[in-house]
Amino acid sequence: QVQLVESGGGLVQAGGSLRLSCAASTRTFSLYFMGWFRQAPGKERDFVAAVSKSGRDQYYADPVKGRFTISRDNTNNTVYLQMNSLKPEDTAVYYCAADRKVEKPGEVNEYDYWGQGTQVTVSS
């Protein structure tokens, strides 16, 4: 069982930056593949980024490539999402997700554990 707690969301102007954090309550954090997803009002939950267990491999959705960076700190059981050049269309609740076995990083159904989400609002 893994509990995930996101933080770092907030209100920012277009072009600004935010850094999201997700702290995991497990002693075996390095055994979990980690992902970030987001959900805007009235829309489905969409893939944003994912990182392999070691942190060596990163995966990004096309809308965020070149602007967002995912990273992890296996010593502190935390995964991060650095978001730069934010746009109003990035406005959503951002969720952290984890699973020990992930074959398709962009698929919601691949992840068993989810955080409660953190709101990101980008004003124009």
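Below you will find a few notes about this structure. (Residues numbered from 1 in each chain as written. Predicted model: local features only at pLDDT ≥ 70, side-chain atom pairs only at ≥ 80, totals over all residues. Heavy atoms only, no water.)

As enumerated under the stated definition, the model contains six aromatic pairs in all. The interplanar angle of 40 degrees and the centroid separation of 5.8 Å between the aromatic rings of phenylalanine 33 and tyrosine 59 together place this pair among those described as tilted. Within this pair, whereas phenylalanine 33 is found in strand S4 (residues 33–39), its partner tyrosine 59 is found in strand S6 (residues 58–60), the two being separated by 26 residues in sequence. Residue phenylalanine 33 is classed as buried on the basis of its relative accessible area of 7%. Given the relative accessible area of 32%, tyrosine 59 is considered partly exposed. Residues tyrosine 111 and tryptophan 114 carry aromatic rings whose centres are separated by 6.1 Å and whose planes lie at 70 degrees to one another, so their mutual orientation is edge-to-face. The class for tyrosine 111 is buried, based on a relative accessible area of 4%. (Phe/Tyr/Trp six-rings, centres within 6.5 Å; stacked < 30°, edge-to-face > 60°. Helix = DSSP H or I, 4+ residues; strand = E, 2+ residues; numbered from the N terminus. Buried < 20%, exposed > 50% of the residue type's maximum accessible area, 1.4 Å probe, protein only.)

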